[in-house]
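For reference, the chains in residue letters:
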Amino acid sequence: MPSRPDDVRQSLGLPDFVDPVDVGEASLAASQTWGDERPATARGLSTGDPAAGVARPFGSAGHESRFAGDDSGDGDNASARPGRAGRRRQGGSASGYGQSSFGTSSFGASSSGVGARSGAKRKAKKQLTWAEKAERREKRAAARREAEAAEREKDPIGYAREIVLTQLTAMPRSRSQLADKLREKEVSEDVIDVVLDRMEDVGLVDDEAYAAMLVRSKLASRGLARRALRQELKRKGIDDDVATVALEQVDDDVEREQALVLARKKMVTMSRLDEPTQTRRLAGLLARKGYSGELVWSVIRQVQEEAS
């Protein structure tokens, strides 16, 4: 039974002002333009009715055969498809929407081209091995040493002065520490003496002020006793005479008060332990801070009495 135009319009979802006959004629003209020489029955158009040339609705056998490209129809219709359907099969796609008329997808080709370029860029970046990275670092270090050597030969005093100022900008340092740093940079002893003497004249290097500051800082931050503070000053390169003057600000009362602060703070964390364990741990803490044995046992007894 021939399809009526109203049924065709409803199945295709066309508005009322669009004539299905015009749609069929346009489809037939497009097929002829692209060289489709199939008969009207193979193209999914109805014949023999007043609405000749009307495209069949979606879901009909001819329409599915036209767009899906399956071989479920009869052999004659399948063999009479030299046009777009044949080209789709040659392009390797079973769907007319996945391929263009030339057998390739414009979207797929574009995206694959971008992916190929990105892959080429990733392949161009070579991953260095550990040995190659170490060799690069060594080359950069050698170049830096050569530049420093050239600058040192050109102006040795200016070169040494820049090193000293850079070190003092980071944190205060003693004369011994600055001298050791200049020796690492292969500065001669004569230049070291000249530069550091000049720094002492202008007040940028002062071992006495540095020692006093270090004692106050270590006493407040770490609670070190005088014996531990003296070892810290010696490690920084401070002379014994300068260290003795700096340690005069820590007398017996200050040392005992600092030991009590440390012991009380430790006792808070040992409230559930027995007394021998508390004694052992407090003694180890105060001994590591440099306090004498007599002061340690006195402080431990006082703290335990306060906690009981």
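J.: Quick question: what am I supposed to make of the overall build of the protein here?
T.: Assigned secondary structure in the protein consists of 16 helices and zero strands. Taking all 308 residues of the protein together, the buried fraction comes to 32%. Long-range pairs, those at least 24 residues apart, make up 54% of the contacts in the protein with a sequence separation of at least 6. Only carbon and sulfur atoms are counted for the fraction: they give 52% of the accessible area of the protein, which is about 20000 Å².

J.: Looking at this model, I keep getting lost on a nonpolar patch on the surface. Mind explaining?
T.: On the surface, Leu165, Val202 and Leu204 cluster together into a nonpolar patch covering about 230 Å² of accessible area. Counting through the fold element by element, Leu165 comes out in helix H8 (residues 156-170). You can call Leu165 partly exposed: its relative accessible area is 32%.

J.: Would you mind going over the nonpolar core with me for this structure?
T.: Ranked by internal contacts, the top residues of the largest apolar core, which has 16 residues, are Leu282, Leu286, Tyr291, Val296, Val299 and Val303. Put simply, the parts of the chain that give this core at least two residues each are helix H14 (252-268), helix H15 (275-288) and helix H16 (293-307). Discounting chain neighbours no more than four positions away, the residues touching Val296 are Ala283, Leu286, Ala287 and Tyr291.

J.: For this particular structure, what's the right way to read the confidence of the model for the protein?
T.: The predicted coordinates ought not to be read in detail in places where the model reports low pLDDT. Per-residue confidence for the protein gives a mean pLDDT of 76, with 60% of residues at or over 70. Note on residues 39-82: pLDDT under 50 across the span, and 67 contacts to partners over four residues away in sequence or across chains. Within the model, the stretch residues 85-111 combines pLDDT values under 50 with 23 contacts to residues more than four positions away or in other chains.

J.: Which parts of the structure should I look at to understand the packing of H14 against H15?
T.: In a packed pair of helices, the relevant descriptors are the angle between the two axes and the axis-to-axis distance. As a packed pair, H14 and H15 sit with axes 10 Å apart at the nearest point and diverge in direction by 140 degrees. Taken together, the axis directions place H14 and H15 in an arrangement best described as oblique. As for how H14 packs across H15, the hand of that crossing is right-handed. Along the contact surface, H14 presents Ala259, Leu262, Ala263, Lys266 and Met267, while H15 presents Gln278, Leu282, Leu285 and Leu286.

J.: How do you make sense of the pattern of salt bridges when you look at a structure like this?
T.: It is possible for side chains of opposite charge to pair when their charged atoms get near one another. Inspection of the entire model under this criterion finds 13 salt bridges. Asp197 is the partner of Arg175 in a salt bridge, and the nearest nitrogen-oxygen pair spans 3.0 Å. With a gap of 22 residues between them, Arg175 in helix H9 (residues 175-184) and Asp197 in helix H10 (residues 189-201) connect regions that are remote in the sequence. Glu306 is the salt-bridge partner of Arg264, the closest N and O atoms lying 3.0 Å from each other. In this pair, Arg264 sits in helix H14 while Glu306 sits in helix H16, placing the two residues 42 residues apart along the sequence. Given a relative accessible area of 33%, Arg264 falls into the partly exposed group.

J.: Honestly, helix H13 (residues 240-247) in this entry has me stumped. Any pointers?
T.: Think of an α-helix as 3.6 residues a turn; residues three or four steps apart then line up on the same face. Residues of H13 that are buried include every one of Val242, Ala243, Ala246 and Leu247, and no others. Each buried residue of H13 lies within a common arc of 130 degrees when the element is viewed along its axis, so the set occupies one face. Exposed positions of H13 whose direction lies more than 90 degrees from the buried face are Asp240, Asp241 and Val245. Considering only its buried residues, H13 is in contact with helix H11 (207-221) and helix H12 (226-235).

Basis of the calculations
Residues numbered from 1 in each chain as written. Predicted model: local features only at pLDDT ≥ 70, side-chain atom pairs only at ≥ 80, totals over all residues. Heavy atoms only, no water. Helix = DSSP H or I, 4+ residues; strand = E, 2+ residues; numbered from the N terminus. Buried < 20%, exposed > 50% of the residue type's maximum accessible area, 1.4 Å probe, protein only. Contact = heavy atoms within 4.5 Å. Areas by Shrake-Rupley, 256 points an atom, 1.4 Å probe, with all protein chains shown as cover. Patch = residues over 30% accessible without salt bridge, like charges linked within 9 Å, V, L, I, M, F, W, Y side chains within 5 Å. Salt bridge = Lys/Arg side-chain N within 4 Å of Asp/Glu carboxyl O. Core = buried A, V, L, I, M, F, W, Y, C linked by side-chain atoms within 4.5 Å. pLDDT = per-residue confidence, 0-100. Axes fitted to C-alpha atoms, helices over the stretch in contact; angles between N-to-C directions. Parallel < 35°, antiparallel > 145°, perpendicular 65-115°, else oblique. Left-handed = near helix turned anticlockwise from the far one by under 90°. Arc of directions from axis to C-beta.

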